[in-house]
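Each chain is listed here by its residues.
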Amino acid sequence: MKIYASIALSGVAALMATTAFAQGDSITINSFGGAYEEAHRQCVIDPFEAETGASVQIVTAYSADAFAQLRAQAQAPQFDVIHFSGGQEIVGAEEGLLDPIDPSSLPNAADLYDFAKANLEAGEGPAYSIAAIGMIYNTENAPEAPISWTDIFDEAYADHIVLTDISNGYGMLGFLMLNQVEGGSLDDIQPGLDAVSGLLENGAIIVSTSPEIQQEFAQNDAWVAPYASDYAFTLRNAGLPTAFVQGEEGTPASFITANLVAGRDNDELALKFIDMQISPEAQACFAEALRYTPTNSMVELSDEVAADVVYGPEAVAGLLRFDPTVIEANRAAWVDAWNRTIAQ
C-alpha cells in the first residue's frame, strides 16, 4: 500500500479500521503546542475522535515537563498516552512508568522501520516521527551545498556559519555530530569543543533559539547552520532560500515517540491512538505539515516533501541516535565545558 501525502490530509479517518467506543470515553495526552499541536490535531487527534467517538484531552507540555508530571503522578497518572522527543521513554520504561506494548496490538507496527519499534516490549513506545539533524544552507549565497559534516570547517564558509548553543536540544545533537567527525565520542567531547573554538576564531557565531537562526539567514548572510530538517522548511516558508542536506557521515535523529502510560484502565483506546499515529496516513500528514521524517516504510511522499526530509530505506539507514541517557547524565558538565569554550 502506498499512500501519498496529498491524500493524507483528508483520508486518515476513512482509511483506518472502524472501532466503536462508548460515548464519553476519553484519553488524555500531551502535545507540544504551537504549529506542532495544530498538526497533531489535523493528522491524528481529529481523525481519531471522528472515527471512535471518543474525546482526546490535551495537556500542552514539552517532553521534560511532561516527564516531570508523569513522575510526580506515578501513583495516579493523568496521561494515557505520553509523547517524548528527548529519549525520556527509556528512563520511563526503566522506572515502570510506561507499560510494555505487545507489537500485535499495533497493526501498523509491522510496517515500521526496525529502529522505530525496537523496544516496545520493554515499555519504550514507537517512534512515529523523526526530527533529523543535518545542515540548513543558503541555496543562493553559499558557494555550493555542503555534503559532509566536515564541510562546516571549510574556509570557504568562514564568517557564514551559525552554531546553536547546546542548551538547545537540536544544538546538542549537531555539536555531538561535529564532535564525532572530529574523532570524539560520548566519552570524550574535547575534539568537538576544539572544533567549535576554531570555528569561532574563523567568524562563526552562536545563537540559542530557532528565531535567531532565521534572523541570521535573513539579515546577516548566514550560509550554513547545523540544525533540524523541519526548520529549513520554516525558513523557506518565511521567504528565505534554504534547503536541508544530510551529512554523508550520518544524521543525528531526535525520536518523537508515543508511549503507553502504566496504571491507566483504558489501554485499548490508548493503543488505538498510538496505532493511528504510526499509520502511513498520519505520518505522511506530519511530513507534509512539519517536514518530520516518517518511520513507517509504507509512506510515500511527493517529491516536494521528500526533498525536505530523510526519506526512504537508504536515507533512513543513515540516521543515528546518540544515547539520550548518556546525554542527560552529562548535560550539566558538557554545558559547563561548552560555556567555558565559547567564552574564551
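Here the focus is the packing of helix α2 (residues 34-52) against helix α10 (residues 280-290). Between α2 and α10, the shortest axis-to-axis distance is 9 Å and the interhelical angle comes to 150 degrees. By the angle class used here, α2 and α10 are roughly antiparallel. In this structure, the crossing between α2 and α10 has a hand that is right-handed. Contacts from Ala35, Tyr36, Ala39, His40, Gln42, Cys43 and Val44 in α2 reach Ala282, Cys285, Phe286, Ala289 and Leu290 in α10. A breakdown of the residues in the contact of α2 with α10 according to their chemical character gives ten nonpolar, two polar and no charged.

To continue, consider helix α3 (residues 63-72). The complete set of buried residues in α3 reads Ser63, Ala66, Phe67 and Leu70. Buried residues along α3 cover an arc of 100 degrees about the axis, so they all sit on one side. Those residues of α3 that are exposed and angled more than 90 degrees off the buried face are Ala64 and Ala72. Those residues of α3 hidden inside the fold are in contact with β2 (26-31), β4 (81-84) and α4 (88-94).

Mapped onto the elements, Ala287 comes out in helix α10. In sequence terms Ala287 and Ala39 are 248 residues apart; their C-alpha atoms lie 9.7 Å from each other. Look past the residues within four positions of Ala287 in its chain and what remains in contact with it is Tyr292, Pro294, Leu301 and Val305.

One can describe the packing of helix α5 (residues 169-181) onto helix α13 (residues 324-343) by two numbers: an axis separation of 12 Å at closest approach and a directional angle of 80 degrees. Considered as vectors, α5 and α13 are oriented roughly perpendicular to each other. Contacts between α5 and α13 involve Met172, Leu173, Phe175 and Leu176 from the first element and Ile327, Arg331, Trp334 and Trp338 from the second.

If you walk through the whole model with that rule in mind, you get twelve aromatic pairs. Their ring planes at 80 degrees and their centres at 5.5 Å tell us that Phe175 and Trp338 sit as a pair that is edge-to-face. A residue pair is termed long-range when its members are at least 10 positions apart, and Phe175 in helix α5 and Trp338 in helix α13 qualify at 163 residues. Accessibility assignment for this pair places Phe175 and Trp338 in one class, buried. In this structure an aromatic cluster arises from ring pairing among Phe32, Tyr36, Tyr62, Tyr128, Phe286 and Tyr292. In this structure, Arg291 is placed above the aromatic ring of Phe233, and the distance from its NZ or CZ to the ring centre is 3.8 Å. Here the basic side chain of Arg321 rests over the ring of Phe255, its NZ or CZ set 4.2 Å away from the ring centre.

Thresholds, definitions, all that
Throughout this description, residue numbers start from 1 for each chain and increase along the sequence as written. It should be noted that, the model being predicted, local features are given only for residues of pLDDT at least 70 and side-chain atom pairs only at 80 or more, the latter also being counted only at that level, while totals for whole chains, interfaces and linings use all residues. To obtain the side-chain values, all non-hydrogen atoms of the structure were used and water was disregarded. Simply put, an axis is a line fit to the C-alpha atoms, just over the touching stretch for a helix, and the angle between two N-to-C directions goes from 0 to 180 degrees. What counts as a helix is a DSSP run of H or I of at least four residues, what counts as a strand is a run of E of at least two, and both are numbered from the N terminus. Note on terminology: angles under 35 degrees are roughly parallel, angles over 145 are roughly antiparallel, angles of 65 to 115 are roughly perpendicular, and the others are oblique. Take the far helix as your reference; a near helix turned counterclockwise from it by less than a right angle gives a left-handed crossing, and one turned clockwise gives a right-handed crossing. Contacts: residue pairs with any heavy atoms within 4.5 Å of one another. Note that Gly is not counted as nonpolar here; it falls among the polar residues with everything else outside the nonpolar set of Ala, Val, Leu, Ile, Met, Phe, Trp, Tyr, Cys and Pro and the charged set of Asp, Glu, Lys and Arg. Type-normalised accessible area, obtained with a 1.4 Å probe on protein chains alone, sets the label of each residue: buried when under 20%, exposed when over 50%, and partly exposed for intermediate values. Directions are taken from the helix axis to each C-beta atom, and the arc is the one they span. Within 6.5 Å between ring centres, the rings of Phe, Tyr and Trp (the latter by its six-membered ring) count as paired, and their orientation is classed by plane angle as stacked under 30 degrees, edge-to-face over 60, tilted in between. Either the NZ atom of lysine or the CZ atom of arginine qualifies as a charge over a ring when it sits within 6 Å of the ring centre and within 35 degrees of the ring normal.

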